[in-house]
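Take a look at the letters that make up each chain.
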Amino acid sequence: MESQPQPQPQPRRPRGFAATAAAAAASVSPTGTPSGSAGASTASSGKGKREREKEKERTKLRERHRRAITSRMLAGLRQYGNFPLPARADMNDVLAALAREAGWTVEPDGTTYRHSPPPQHQQHLGAFPVRSGESPLTATSLKNCSVKATLDCQQPVVRIDDSLSPASLDSVVIAERDTRSEKYPSTSPINSVECLEADQLIQDVHSTEHDNDFTGTQYVPVYVKLSTGFINNFCQLADPDGVRQELSHMNSLNVDGVIVDCWWGIVECWNPQKYVWSGYRELFNYIREFKMKIQVVMAFHEYGRTDSADVLISLPNWILEIGKENQDIFFTDREGRRTTEFLSWGIDKERVLNGRTSVEVYFDFMRSFRTEFDDLFAEGLISAVEIGLGPSGELRYPSFSERMGWRYPGIGEFQCYDKYLQQHLQRAAKLRGHSFWARGPDNAGHYNSRPHETGFFCERGDYDSYYGRFFLHWYAQALMDHADNVLSLANLAFEETKVIVKIPAVYWWYKTSSHAAELTAGYYNPTNQDGYSPVFEVLKKHSVTVKFVCYGLQICSYENDEAFTDPEGLSWQVLNSVWDRGLKVAGENTLSCYDKEGCLRIIETAKPRNDPDRCHFSFFVYQQPSPLVQGVICLPDLDYFIKCMHGDITGDLVP
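Residues numbered from 1 in each chain as written. Predicted model: local features only at pLDDT ≥ 70, side-chain atom pairs only at ≥ 80, totals over all residues. Heavy atoms only, no water.

Engineer: Would you mind going over the sheet that holds strand β10 (residues 545-550) in detail, with residue names and values included?
Structural biologist: The sheet built from eight strands closes into a barrel, its strands ordered β3-β4-β5-β8-β9-β10-β11-β12 with parallel pairing. Direction aside, the axes of adjacent strands within the sheet are offset by 30 degrees on average. As paired strands, strand β5 (residues 293-299) and strand β8 (residues 382-387) are joined by five bridges and run parallel to one another. Its bridge partner lying in β8, Val296 is registered against Val385. Along the sheet face, helix α13 (residues 358-372) touches β4 (257-263), β5 and β8 and points at about 155 degrees away from the line of β5. (Pairing = 2+ DSSP bridges. Helix = DSSP H or I, 4+ residues; strand = E, 2+ residues; numbered from the N terminus. Axes fitted to C-alpha atoms, helices over the stretch in contact; angles between N-to-C directions. Contact = heavy atoms within 4.5 Å.)

Engineer: Any chance you could break down empty space enclosed by the protein for me, citing the residues and the numbers?
Structural biologist: Counted according to the given criterion, the structure contains two cavities of 30 Å³ or more. Here the largest cavity is characterised by a volume of approximately 100 Å³. Looking at the largest cavity, the residues that line it are Leu226, Ser227, Thr228, Gly229, Phe230, Ile231, Val260, Asp261, Trp263, Tyr280, Leu283 and Ile313. Those elements that place two or more of their residues in the lining of the largest cavity are β4 and α11 (278-289). With three residues, β4 is the largest single contributor of residues to the lining of the largest cavity. Grouping the amino acids of the lining of the largest cavity by side-chain chemistry returns eight nonpolar, three polar and one charged. (1 Å grid on protein atoms, 1.4 Å probe; cavity = no way out; pocket = protein on both sides within 12 Å on 5 of 7 lines; lining within 4 Å. Points joined across faces, edges and corners; volume = space filled by probe spheres on them. Nonpolar A, V, L, I, M, F, W, Y, C, P; charged D, E, K, R; others polar.)

Engineer: Quick one: what's the story with the UniProt feature "active site" (unreviewed entry) in the chain, residue by residue and with numbers?
Structural biologist: Following the UniProt record, one finds the feature "active site" (unreviewed entry) at Glu394 and Glu588. In terms of the greatest pairwise C-alpha distance, the residues named above, spread along 195 residues, form a tight cluster of at most 11.9 Å across. Of note, Glu394 is situated in the loop between β8 and α15 (419-432). On the accessibility criterion, Glu394 (11% relative accessible area) is buried. If we ignore the near neighbours within four places in the chain, the residues touching Glu394 are Leu389, Lys502, Pro504 and Val549. Looking at where Glu588 falls in the secondary structure, it is placed in strand β11 (residues 584-589). Residue Glu588 is classed as buried on the basis of its relative accessible area of 0%. Within polar-contact distance, the side chain of Glu588 engages the side chain of Lys547 at 2.8 Å. (UniProt positions renumbered as here; feature names shortened; annotations may be inferred. Buried < 20%, exposed > 50% of the residue type's maximum accessible area, 1.4 Å probe, protein only. Polar contact = N/O pair within 3.5 Å; in protein donor to acceptor, adjacent residues only side chain to side chain.)

Engineer: Which residues make up the nonpolar core, and what are the values?
Structural biologist: Formed by 155 residues in total, the largest nonpolar core has its most connected members in Tyr280, Phe284, Met298, Phe369 and Ile387. Among the nonpolar cores identified, the runner-up in size contains nine residues, and Met73, Leu74, Leu85 and Val94 belong to it. (Core = buried A, V, L, I, M, F, W, Y, C linked by side-chain atoms within 4.5 Å.)

Engineer: Tell me about the side chain of Ser358, residues and numbers included.
Structural biologist: Within the secondary structure, Ser358 sits in helix α13. At 3.2 Å, the side chain of Ser358 and the backbone oxygen of Ile347 are in polar contact. When sequence neighbours within four positions are dropped, the list of residues in contact with Ser358 reads Leu343, Ile347, Asp348, Glu350 and Leu353.

Engineer: So what's going on with the pattern of salt bridges? Residues and values would help.
Structural biologist: Evaluation of the coordinates by the stated rule reveals 24 salt bridges. Here Glu302 and Arg403 are joined by a salt bridge, their closest N and O atoms 3.3 Å apart. Linking Glu302 in the loop between β5 and α12 (317-325) with Arg403 in the loop between β8 and α15, this pair joins segments that are 101 residues apart in sequence. A residue is classified by how much of its surface remains accessible, and Arg403, at 41% relative accessible area, is partly exposed. (Salt bridge = Lys/Arg side-chain N within 4 Å of Asp/Glu carboxyl O.)

Engineer: Explain the packing of aromatic side chains to me, using residue names and the numbers behind them.
Structural biologist: Counted according to the given criterion, the structure contains 47 aromatic pairs. With a centroid separation of 5.3 Å and an interplanar angle of 85 degrees, the aromatic rings of Phe331 and Trp345 are classed as edge-to-face. Of this pair, Phe331 sits in strand β6 (residues 330-332) while Trp345 sits in the loop between β7 (338-343) and α13, placing them 14 residues apart in sequence. Between Phe456 and Phe457, the ring centres sit 5.1 Å apart and the planes meet at 85 degrees, which makes this aromatic pair edge-to-face. On the basis of relative accessible area, Phe457 is assigned to the buried category, the value being 1%. In this structure, Arg370 packs its charged tip against the face of Phe377, placed 4.3 Å from the ring centre. Of note, Arg469 hangs over the ring of Tyr466, and the distance from its end group to the ring centre comes to 4.9 Å. (Phe/Tyr/Trp six-rings, centres within 6.5 Å; stacked < 30°, edge-to-face > 60°. Lys NZ or Arg CZ within 6 Å of the ring centre and 35° of its normal.)

Engineer: An account of the side chain of Lys607 is needed here, citing residue identities and associated values.
Structural biologist: Tracing the chain through its elements places Lys607 in the loop between α20 (596-606) and β12 (620-622). Overall, the relative accessible area of 0% leaves Lys607 in the buried class. Of the polar contacts made by the side chain of Lys607, one reaches the backbone oxygen of Gln218; its length is 2.9 Å. Apart from the residues lying within four places of it in its own chain, the contact partners of Lys607 are Phe214, Thr217, Gln218, Val220, Cys615, His616, Cys644, Met645, His646 and Gly647.

Right, dumping it as C-alpha cells:
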C-alpha cells in the first residue's frame, strides 16, 4: 500500500519584531533583487522602522504597568499581611513570600516544593490561609449579594500551580481595576462594604478592641506646636496670660514638649545682622516653668499670605528692599511672576544680600540664636532644631503658591526662571554638550493643569525624553545642593544638637506615571525613578532626623479621586527609604486631621505593630489650627491620642 501523505503543520505566524523582519524579507526576491521598485523598498523599510518604534513604546508601557501593579501588591502585603518584604522587592520576592505563606518551601535558586499537603480546608479554598485581623467572606455575608457583586467583593488571589515553570511565571497577567473609578482601597481586606453585614463591619481592622490596644507599645514623645501669633512683629510676647493658659493645658495632657517657630522676618526684620530675641527669651522662660522640652524651628519662610490667615509674617524688610531693586533673588515662574515665600536657591552662593550670600545670612541667624540661648542648650531645655529649607519650612520649591492662583489638585509650575538659576541651567546644559537644553519646558501647563492636559507630564510625555530627564535631574539636584549647603553650616552652628528636616507629602497625581506634582516640587520620582533615595543620601550625610507629614483619613475618599492620590503609597516609599538608610523619622499631622479614625491611622503609622524591625517614629508633632484654650480641639480625644502614642492606654476611643 502506498503511504498516505502526512499533513504538514501550519506555520506559526510571526509577531512583533519577527513580523517586521518577515515583511522586509518578502519584499526581496530570492536573487536578492527587490520585487518592486526602489521607491517601494524604501517605503517598506520606513514602515518597518515605525513598527519597531511602536513595539518599543508598547513594551515600555507594559513594563510601567507591571511595575505599578507590583508596587501596589507590595504595599498591600506589607500593610495587611505582615509580609517582611524588602523596600525594593521584585516579583520573585512576592511570589516566594506568597508560596511560603501557603506552606511551600522555596529555595534561594527558585526550587519550590511542598513537604506535606496543606490542611483540608485550605485545599478546598484553593487559596492562601486567612491571616489574623482579616474578615473572610462567609455564606451569611453573601446571602444578599448578586453573583457579580460577590465577585467584585472578593480579593484577587494569586495561585501557584505545580505545572507552572519558571518561564511561565513571567507571563502571568494580573487583572487591574480601573483606577479612575475605584476609590482608594480601605484598610479592610474586603473592598465592597455593601457585601458585609453589621457583625463583620464591627470586626474591621480599625474598630476591634485588639487594634485599639496600644498598651506596651513603643513610647513616642508628642510635641504640640505653639500657635503662631504669640510673638508680634516687634518680637514682643503679645499675650502672656494666653501663653500661660495654653501651656497649662498642654501640661495637663502630659505633652512632652512644644514647637516654637523662630521667625527670621521678626528677629532680623529691620537691619541686617541686628537680631532682637527679647520676646522669645520671655516665652522660653514661661515654658521652662512648666518643665517641657522645646524644639525650635529656624523659619526662613514667609507665613500667612492666604485669605484665611489672620497673622502675616513676611521676609525681613531689608530683604524686601533688596528685592525691589533685584527681583531675581526670589523664585520665578515661566511667566516671570515672583514669589516672596522664600529666597531663590540660585543665590545660595551669590553675594547679593549686602555682600553676603543667602547661605551666609542663614548661618549668621542660626549662630546668633545659638549664642543668645546658650544657657538653654546647656540645660537641655532646647532638645532639637528644625532647619527651614523652603516654603512652609519644607524641602521643596514653591510650586504650589496660592498667591499665584494654585488650587488643589493642580500640578504646580517649575520655579527656575530667575536669572541665577537660569545661569546654573546654562552651565549644566553646556557641560552636557547640549547648550540648547538651557531652558525650561514650554509644554508643562500651568498651576492648575492636570497631567493629561500637558505635553510634558502626560503618558509617554516629554518628561521621559532625553531633554526631560536632563532638566528634571538638574532641577532636583538644585534642591539637594541647597539642602547640602545649608545643613553643612547648620551642623556647624548647632554642633551636638539634633537637627530636623521637614519633607513634604506631595500625594496627588502619585498614581500617574509622571508624578507631575512631585516633579514641580523638586522630587524626580516618576514611575521609573526613585526620587527620594538621592535626597535621603544627602540628609544621611548630615545625620538629620526626617520629619514627614502624616495624613489621617484616606485623602482619595474625595469623589471619583480625580487627582489619582495615594498618600499611603507615598508614605510607604518615603518611610521605607528613610529607615533603610538608618535615619530617624518623625511625624507631623495636617491641620485638617482631628477625627478619631484619622488619629488611629496616624498612630499605626507612627509605630506599626506588624513591622518585624520594630521601626517607629522618634517623636510626633501635633499641629493645631488655633490655641487649645479656644476649644477647637476636643481635649479628651487629644488626651487619648497622646496616651496611645505613649503606649499606656487600652480600650476603645473616649466617647
